[in-house]
Amino acid sequence: MALHCHECGFVNDEGANYCQKCGAYLGRPEGAEEPSTLTYKIAETGDFQPIDIDQMVEEQGAALVIRSGGGRAGESFAVDQDRMSIGRTPDAPIFLDDVTVSRNHALLVRRRDGLYIDDLGSLNGTYVNRHRIESHLLEDGDEIQVGKFKLSFLER
């Protein structure tokens, strides 16, 4: 069964999610389940350790979850310190190993009125909800983009 794009009318192959001509999302067939992503953290052994993200947020107060980028969708980081760096340097608490990420890209910092993300002069910038920022007060559900990684900020 061919799929017709609702935007441009192009006939796409069966099973396509996006139009090959214009890139529009083609949608899911009726009754298809929404895909889900396992949420995990990397254990000290290097193995995936499944976690309950709701429980992590409840216990730690906040978390970042990679939604796309670097083949790491679902990896999560508890925001459990007042200052946490994000970058390509291996000693960063939120280590994102890709050339699109600066060594010291951004900083999560807790201030009196909440948790902020500050860009640290990165080459590719830091984005929150698709807007380039220098400093931004995070709210539950914000989408953060650091290089090619898209992360969701979750807070109780």
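It is worth spelling out the sheet that holds strand β9 (residues 106–111) at this point. Judged by pairing direction, the sheet is mixed, and its five strands sit side by side in the order β8-β7-β9-β10-β13 without closing on themselves. Each edge of the sheet is formed by a strand with only one pairing partner; in this case those strands are β8 (94–95) and β13 (135–137). As paired elements, strand β10 (residues 114–119) and β13 share three bridges and run antiparallel to each other. Opposite Ile-117, over in β13, you have His-136 as the bridge partner.

Summed over all chains, the structure comprises zero aromatic pairs. The ring of Tyr-116 carries the charged tip of Arg-111 above its face, separated from the ring centre by 4.6 Å.

Ranked by internal contacts, the top residues of the largest apolar core, which has 22 residues, are Leu-64, Ile-86, Leu-96, Leu-108 and Ile-117. Contact partners of Leu-96, with chain neighbours within four places excluded, come to Ile-66, Arg-72, Ile-86, Gly-87, Arg-88, Val-101, Val-146, Phe-149 and Leu-151. Core analysis: the next-biggest nonpolar cluster, separate from the first, contains five residues, Cys-5, Ala-16, Ala-24 and Leu-26 among them.

When you line up the elements, Ala-73 lands in the loop between β5 (62–68) and β6 (76–78). Sequence separation between Ala-73 and Leu-151 is 78 residues, and the spatial gap between their C-alpha atoms is 8.8 Å.

Okay, the pairing of strand β7 (residues 83–87) next. Two elements, β7 and β9, share four bridges in a ladder whose sense is antiparallel. Across the sheet, Arg-83 pairs through a bridge with Val-109, a residue of β9.

Using the criterion set out here, one finds four salt bridges in the structure. For the salt bridge of Arg-72 with Glu-75, the shortest nitrogen-to-oxygen distance reads 2.7 Å. Side by side, Arg-72 and Glu-75 carry an identical accessibility label, which is buried. Salt-bridge contacts for Asp-118 lead to Arg-111; the nearest nitrogen and oxygen are separated by 2.5 Å.

Quick look at the sheet that holds strand β15 (residues 149–155) now. Strand pairs in the sheet, formed through backbone hydrogen bonds, run parallel or antiparallel to each other. Pairing in this open sheet of six strands is antiparallel, and the strands run β6-β5-β15-β14-β11-β12 from one edge to the other. If you trace the sheet from one side to the other, it starts and ends with β6 and β12 (131–133), each paired once. The average angle at which neighbouring strand axes cross in this sheet is 30°, direction not considered. As defined by bridge partners, strand β11 (residues 126–128) adjoins β12 across three bridges and the pair is classed as antiparallel. Bridging across to β12, Thr-126 finds its partner in Ile-133.

What counts, and where the lines are drawn
By convention here, each chain's residues receive numbers from 1 onward along its written sequence. In keeping with the model being predicted, local features are shown solely for residues with a pLDDT of at least 70 and side-chain atom pairs are shown and tallied solely at 80 or more, while totals for entire chains, interfaces and linings include all residues. Hydrogens and water are ignored here; the side-chain numbers use all heavy atoms of the structure. When DSSP finds at least two bridges between two strands, those strands are taken to pair. A run of H or I in DSSP becomes a helix once it reaches four residues, and a run of E becomes a strand once it reaches two; helices and strands are each numbered from the N terminus. Paired rings are identified among Phe, Tyr and Trp, the last through its six-membered ring, by centres lying within 6.5 Å, and are further divided according to the angle between planes into stacked (under 30 degrees), edge-to-face (over 60) and tilted (the rest). We call a charge positioned above a ring when the Lys NZ or Arg CZ atom is no farther than 6 Å from the ring centre and deviates by at most 35 degrees from the ring normal. Here, nonpolar core refers to any group of buried Ala, Val, Leu, Ile, Met, Phe, Trp, Tyr and Cys residues whose side-chain atoms link them within 4.5 Å. The cut-offs for exposure are 20% and 50% of the maximum accessible area for each residue type, with area from a 1.4 Å probe on protein chains only; residues under the lower value are buried, those over the upper are exposed, and the others partly exposed. Contact definition: two residues touch when any of their heavy atoms are within 4.5 Å. Here, a salt bridge means any side-chain nitrogen of Lys or Arg that lies within 4 Å of a carboxyl oxygen of Asp or Glu. Note on definitions: angles span 0 to 180 degrees between N-to-C directions of axes, and those axes are lines fitted to C-alpha atoms, for helices only across the stretch in contact.

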